[in-house]
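A structural walkthrough
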Amino acid sequence: MTLSNPEPIGEGDPAETDLAAEASAVASRRSTPWYLRLPIISHLRSSVGLQRGMLITGVALVGILLLTALCAPLIAPYGFADTSADGTRFGTQQPPSAAHLLGTTVTGFDVLSRVIWGTRTAVAVMACAVAASLFVGVALGLLSGYVGGWLDRLLVMVADAVYAFPSLLLAIVMSIVISGGQSNAWGGIAAAAISITVVFIPQYFRVIRAEVVRLKAEPFVEAAKVVGTGHRRIMGTHLLRNATRTLPLIFTLNASESILTLAALGFLGFGIEPTSASEWGYDLNRAMADATSGIWWTGMFPGLAIALAVLGVTLVGESINDLNDPRLRTRRARRKTPRKQVTA
């Protein structure tokens, strides 16, 4: 006969079990070397099952994107605007072959080279837009939530007005204002990055402001004020660290949306000139007429590059957001704790 071991009064409380599991997790993290506590590495070590598979897939796709952008001059067989090599012009709309692994476009560009060089443009826009919007949005949200009053009402009103404006229309307007619709490489990157930055700032602002409004009423903030801690230290140490836990998902989603916005600008004809830089959206636009003639390679590979880039960034963001949820860590720890059994 098998009976459960009786638990003393006061033991077995789910809250105490959760606190003990969290305390042991904190202690183990402190004893772990610093390089194993880095964001991506620590999440890989704590992930399990399907969650780990999603994170590894996303990291692999993002890593390929970044390495391709960094090593584009070494990987690409030709330049992004080359239409000839060794005095011989490329054929137009040539199918994939040994000379051109992914074929050529209607203007004689090598599709593989255009796809590889396009990663540089995508990564540049993604880095500039997301970094700028993150910095400005977090700073404004922190200031608005902590100060409050008329400044808070004014910033909320402006953020709501910008957030309600269609993002793609704003990107088109900004592109026309900055570069006249068509531009060189840095002009097009700046136009796309600035327009995306303006659209993304309200998202970071609203998230950080809501967290700061909630956190500034917590006892640890009140205690910091009582002991005479300055406002700058409270905002930078006590509030900022606790208010930015929900940003990884927004950061990665905005990174993927920046790639899509850049592609949309190029597809609509407001992007970068093809002789200035390679851009996937422009290549898709030029491939529309080819699709009706059965020429599939000119549009398939740029579209596949966009899809894989967005998928990789999104998978990383979703996985990190799940792993940052303490409820998931507690659930895994609870399942690992076996129930004691005694045999009578």
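Quick caveat, the model's predicted, so the values are computed rather than measured.

1. Thoughts on the overall build of the protein chain
Broken down by element type, the protein chain carries 14 helices and four strands. Out of the 344 residues in the protein chain, the part that is buried amounts to 39%. Sequence-distant contacts in the protein chain: of pairs separated by 6 or more residues, those separated by 24 or more amount to 74%. Surface accessibility of the protein chain: about 18700 Å² in total, with carbon and sulfur atoms responsible for 66%.

2. Here we look at helix H5 (residues 111-147)
End to end, H5 covers 53 Å across 37 residues, agreeing with the expected 54 Å (1.5 Å per residue, within 8%). Gly-148 sits one or two residues past H5 and shows a positive phi near 70°.

3. Concerning the nonpolar core
The nonpolar side chains of soluble globular proteins are, as a tendency, buried together. Within the largest apolar cluster, 59 residues are counted, with the highest numbers of intra-cluster contacts made by Met-126, Ile-208, Val-212, Leu-239 and Trp-280. Of all the elements in the fold, those that place two or more residues in this core are helix H3 (49-70), H5, helix H7 (167-179), helix H8 (185-215), helix H9 (219-226), helix H10 (231-243), helix H11 (247-268) and helix H13 (297-323). Considering each element in turn, this core owes the most residues, 15 residues, to H5. Contacts of Leu-239, omitting those with residues within four sequence positions, involve Leu-142, Tyr-146, Val-212, Leu-215, Lys-216, Val-221 and Ile-234.

4. Considerations on the environment of Ile-116
The residue Ile-116 is located in helix H5 in this model. A relative accessible area of 7% places Ile-116 in the buried class. Put simply, Ile-116 and Thr-68 are 48 residues apart on the chain and 6.5 Å apart in space, counted from C-alpha to C-alpha.

5. Quick notes on the confidence of the model for the protein chain
Looking at the protein chain as a whole, its pLDDT mean stands at 77, while 77% of the residues score no less than 70. At the level of individual helices and strands, the protein chain shows its lowest average pLDDT in helix H14 (residues 326-336), which scores 49, and its highest in helix H4 (residues 72-75), which scores 90. Scored below 50 in pLDDT, residues 330-337 makes eight contacts in the model with residues more than four places away or belonging to other chains.

6. A short note on H8
Its 31 residues give H8 an end-to-end C-alpha distance of 43 Å, which sits within 8% of 45 Å, the value for a rise of 1.5 Å per residue. When the local axis directions of H8 are compared, the greatest deviation, roughly 30°, occurs at Val-199, which is followed within four positions by the proline Pro-202.

7. Let's talk about the pattern of salt bridges
Tallying each qualifying case throughout the model produces three salt bridges. For Glu-211, the salt bridge goes to Arg-214, with nearest N and O atoms at 2.8 Å. On the criterion of helical spacing, the pair formed by Glu-211 and Arg-214 is a turn pair, its members being three residues apart in helix H8. For Arg-214, a relative accessible area of 43% corresponds to the partly exposed category.

8. Here's the deal with unusual backbone geometry
You will see that Gln-93, though not glycine, has its phi angle at about 55°, which is positive. Inspection of the secondary structure puts Gln-93 in the loop between strand S3 (88-89) and H5.

9. What about a nonpolar patch on the surface?
Where nonpolar side chains cluster on the molecular surface, the patch consists of Phe-165, Leu-169, Val-173, Val-177, Ile-178 and Ile-194 and spans about 510 Å² of accessible area. Considering each element in turn, the nonpolar patch owes the most residues, four residues, to H7. If you trace the backbone, Phe-165 turns up in the loop between helix H6 (149-164) and H7.

10. Concerning the packing of H5 against H11
For the pair H5 and H11, interaxial distance at closest approach is 9 Å and the crossing angle is 135°. Taken together, H5 and H11 sit at an angle that is classed as oblique. Read as a crossing pair, H5 and H11 show a hand that is right-handed. Along its contact with H5, which presents Thr-121, Ala-122, Val-125, Met-126, Val-130, Leu-134 and Val-138, the element H11 presents Leu-247, Phe-251, Asn-254, Ala-255, Ser-258, Ile-259 and Leu-262.

11. Description of the packing of aromatic side chains
Taken as a whole, this structure holds four aromatic pairs when the rule is applied. A ring pair is formed by Trp-296 and Phe-301, whose centres lie 6.0 Å apart and whose planes are at 50°; its orientation type is tilted. One aromatic cluster is present, formed by Trp-296, Trp-297 and Phe-301 through successive ring pairs. The ring of Phe-109 has Arg-114 lying over it, and the distance from NZ or CZ to the ring centre is 5.0 Å.

12. Considerations on the side chain of Thr-261
By the element assignment, Thr-261 lies in helix H11. Residues contacting Thr-261, with those up to four places away along its chain left out, are Ala-171 and Ile-196.

13. Side note on the side chain of Asn-254
Looking at the secondary structure, you find Asn-254 in helix H11. What makes Asn-254 buried here is its relative accessible area of 2%. In this structure the side chain of Asn-254 is engaged in a polar contact, spanning 3.1 Å, whose partner is the side chain of Tyr-204. Setting aside residues up to four positions removed in sequence, Asn-254 forms contacts with Val-130, Phe-200, Gln-203 and Tyr-204.

Calculation criteria
- Residues numbered from 1 in each chain as written.
- Predicted model: local features only at pLDDT ≥ 70, side-chain atom pairs only at ≥ 80, totals over all residues.
- Heavy atoms only, no water.
- Helix = DSSP H or I, 4+ residues; strand = E, 2+ residues; numbered from the N terminus.
- Buried < 20%, exposed > 50% of the residue type's maximum accessible area, 1.4 Å probe, protein only.
- Contact = heavy atoms within 4.5 Å.
- Areas by Shrake-Rupley, 256 points an atom, 1.4 Å probe, with all protein chains shown as cover.
- Expected span 1.5 Å × (residues − 1).
- Core = buried A, V, L, I, M, F, W, Y, C linked by side-chain atoms within 4.5 Å.
- pLDDT = per-residue confidence, 0-100.
- Bend = angle between axes of the 7 residues up to and from the residue.
- Salt bridge = Lys/Arg side-chain N within 4 Å of Asp/Glu carboxyl O.
- Patch = residues over 30% accessible without salt bridge, like charges linked within 9 Å, V, L, I, M, F, W, Y side chains within 5 Å.
- Axes fitted to C-alpha atoms, helices over the stretch in contact; angles between N-to-C directions.
- Parallel < 35°, antiparallel > 145°, perpendicular 65-115°, else oblique.
- Left-handed = near helix turned anticlockwise from the far one by under 90°.
- Phe/Tyr/Trp six-rings, centres within 6.5 Å; stacked < 30°, edge-to-face > 60°.
- Lys NZ or Arg CZ within 6 Å of the ring centre and 35° of its normal.
- Polar contact = N/O pair within 3.5 Å; in protein donor to acceptor, adjacent residues only side chain to side chain.

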